[in-house]
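Chain by chain, the residues run as shown.
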Amino acid sequence: MGKYLVTGAAGFIGGAVAELLINRGDSVVTIDNLSTGMRERIPKGVDFIEGDAGSPKVIRKLNGIRFDAIIHLAGQSSGEVSFENPVYDLQTNTQSTLLLLDYACRNDIHRFVYAGSMSVYGDQNPPLVTEDSDTVPKSFYAVGKLASEKYMRIYASEFGITCTALRFFNIYGVGQNLSNLKQGMASIYLAMAVRDHKIIVKGSPDRFRDFVYIDDAVSSVMAALERKNGFDFYNVSTKHRTRVEEVIRIICDGLPYSVTTEYVSGTQGDQFGIYGDNSKIRKELGWSPQVKFEEGMARMTEWAVERMAAERGM
Ligand SMILES: NC(=O)c1ccc[n+]([C@@H]2O[C@H](COP(=O)([O-])OP(=O)(O)OC[C@H]3O[C@@H](n4cnc5c(N)ncnc54)[C@H](O)[C@@H]3O)[C@@H](O)[C@H]2O)c1
């Protein structure tokens, strides 16, 4: 049985990772400030420290526990929010990483897995990116994610902590926060379709994303925990692109009523579209995506419809 710190377990990805660890008998501590997460999402059995992972005072509450690994998934994850408040973004995504790496160093913790992001690539031509592609962040959020990786590289080489950054592409699925309309293309459109029967699209219908189902994101974290040394980073992607227009069609086809769509201007720093080659993670970590977008969206739509009906007391 292992002992893990999973930050952000009140959130979408953190909640799913913590659940898997608890179900297999490990013990889990989480730090979450409930900014976008929900207390109910934290799985039973997880030790919950409420607070900001970017605050030294909160990190001290860990009391020198020696974890088998730190899985750092807490952080604000919206490019839009990073423009509204760049300093907050830096604290939540980067300062938190630095503090937790320092904690790992001082408490003899040898593994660190981080929620990186495909946003570090910015826009690319051609749009299929490998880990050798240039990094050209277009938002403050992406700058912070890349900076975190750079800190990890140094903690691996200078302090011997095995550090792995997973550059998540667009993670979607059951459990995503349907009230957060600033992060997650699939969840934003689905929430609007189910709640208001109207989808407002910020930006072009030709933009596209590489969608990864939540279960596949969780299995990438498990695969990363097996790495033995040094620093490395991996695309967590399917190598398939889905255009905004197709996302909307798939959502609408799955609902028993008609949904209207309105296009408005895009958000600052939004990427037009890239998709990720996944040969490196397949070869080195043995990971491959299992859930196709249509299948994942069908599961998510069913869940969202039930959830909305429950909310409305139907
Ligand atoms: N969902 C995606 O498509 C995607 C893509 C790339 C990267 N990521 C990264 O993965 C991680 C998890 O994303 P998610 O989709 O689960 O988002 P989420 O918003 O559902 O979960 C994030 C959790 O972290 C908590 N949190 C935020 N800032 C915090 C702070 N400073 N201290 C403590 N807790 C804090 C939130 O309350 C929430 O529970 C984030 O770091 C995000 O940037 C997500």
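Residues numbered from 1 in each chain as written. Predicted model: local features only at pLDDT ≥ 70, side-chain atom pairs only at ≥ 80, totals over all residues. Heavy atoms only, no water.

## A look at the overall build of the protein chain
Tallying secondary structure elements over the protein chain gives 10 helices and 15 strands in all. Along the first, second and third principal axes, the C-alpha set of the protein chain runs to 55 × 45 × 35 Å. Each of the 314 residues in the protein chain was classed as buried or not, and the buried ones make up 55%. Taking as baseline every contact in the protein chain between residues at least 6 positions apart, the subset at least 24 positions apart corresponds to 78%. When the accessible surface of the protein chain is totalled, it reaches about 13700 Å², and 50% of it is carbon and sulfur. Mean positive and mean negative side-chain charge positions of the protein chain (35 and 38 charges, respectively) differ by 3 Å. (Helix = DSSP H or I, 4+ residues; strand = E, 2+ residues; numbered from the N terminus. Buried < 20%, exposed > 50% of the residue type's maximum accessible area, 1.4 Å probe, protein only. Contact = heavy atoms within 4.5 Å. Areas by Shrake-Rupley, 256 points an atom, 1.4 Å probe, with all protein chains shown as cover. Lys, Arg positive; Asp, Glu negative; His and termini not counted. Charge placed at Lys NZ, Arg CZ, Asp CG, Glu CD.)

## Focus on the pairing of strand β2 (residues 27-32)
Of all six residues that make up β2, five are buried, and the element is covered over most of its length. Note: strand β1 (residues 3-7) against β2, three bridges, orientation parallel. The partner of K3 across the bridge, within β2, is S27. Tracing the backbone out of β1, into helix α1 (residues 12-23) and back to the parallel element β2 gives a crossover that is right-handed. As paired elements, β2 and strand β3 (residues 47-50) share four bridges and run parallel to each other. Its bridge partner lying in β3, D32 is registered against E50. (Pairing = 2+ DSSP bridges. Right-handed = clockwise from strand over helix to strand, strands pointing away.)

## What to know about the site of the ligand
Surrounding the ligand, one finds 30 residues, the nearest of these being I13, D32, T36, D52 and Y141. Between the ligand and the protein, one listed contact pairs an oxygen atom with a backbone N or O atom of G75 at 3.5 Å. For the ligand, the protein covers 97% of the area, taking 820 Å² as the surface of the free molecule. Among the secondary structure elements, those contributing two or more residues to the shell around the ligand are α1, β5 (111-117), α5 (140-159) and β8 (170-172). Ranked by the residues each element gives to the shell around the ligand, the list is headed by β5, at three residues. In terms of residue class, the shell around the ligand is built from 12 nonpolar, 15 polar and three charged. (Near = heavy atom within 4 Å. Polar contact = N/O pair within 3.5 Å; in protein donor to acceptor, adjacent residues only side chain to side chain. Nonpolar A, V, L, I, M, F, W, Y, C, P; charged D, E, K, R; others polar.)

## Details of the side chain of N177
Relative to the assigned elements, N177 resides in the loop between β8 and α6 (185-196). Only 2.8 Å separates the side chain of N177 from the backbone nitrogen of S179, close enough to count as a polar contact. The contacts of N177, once residues within four sequence positions are left out, are T36, M38 and S187.

## A few points about unusual backbone geometry
That bond from N125 to P126 is cis: its omega, 5°, falls within 30 degrees of zero. Mapped onto the secondary structure, P126 falls in the loop between β5 and β6 (128-129). Even without glycine at this site, H197 takes up a positive phi of about 60°. Here H197 lies in the loop between α6 and β9 (198-202).

## Examining the domain arrangement of the protein chain
Taken domain by domain, the protein chain comprises domain 1 (3-172 + 211-236) and domain 2 (185-209 + 240-274 + 291-311). Domain 1 and domain 2 are separated by 26 Å when their C-alpha centres are compared. Contacts between the two partners involve 20 residues from domain 1 and, on the opposite side, 24 residues from domain 2. Interface area lost by domain 1 to domain 2 is led by Y172, F211 and Y213, which between them contribute 39%. Taken together, the connections running from domain 1 to domain 2 amount to two salt bridges. (Domains from an automatic or database assignment. Buried area = accessible area lost by both parts, 1.4 Å probe. Salt bridge = Lys/Arg side-chain N within 4 Å of Asp/Glu carboxyl O.)

## Some thoughts on the packing of helix α4 (residues 86-106) against α5
Running from amino to carboxyl end, α4 crosses α5 at an angle of 15°, the nearest separation of the two axes being 9 Å. Considering their axes alone, α4 and α5 lie roughly parallel with respect to each other. As for the relative orientation of α4 and α5, their crossing is right-handed in sense. Across the interface between the two elements, P86, D89, N93, T94, T97, L98, L101, D102 and C105 from α4 touch F140, Y141, G144, K145, A147, S148, Y151, M152, Y155 and F159 from α5. A breakdown of the residues in the contact of α4 with α5 according to their chemical character gives 11 nonpolar, five polar and three charged. (Axes fitted to C-alpha atoms, helices over the stretch in contact; angles between N-to-C directions. Parallel < 35°, antiparallel > 145°, perpendicular 65-115°, else oblique. Left-handed = near helix turned anticlockwise from the far one by under 90°.)

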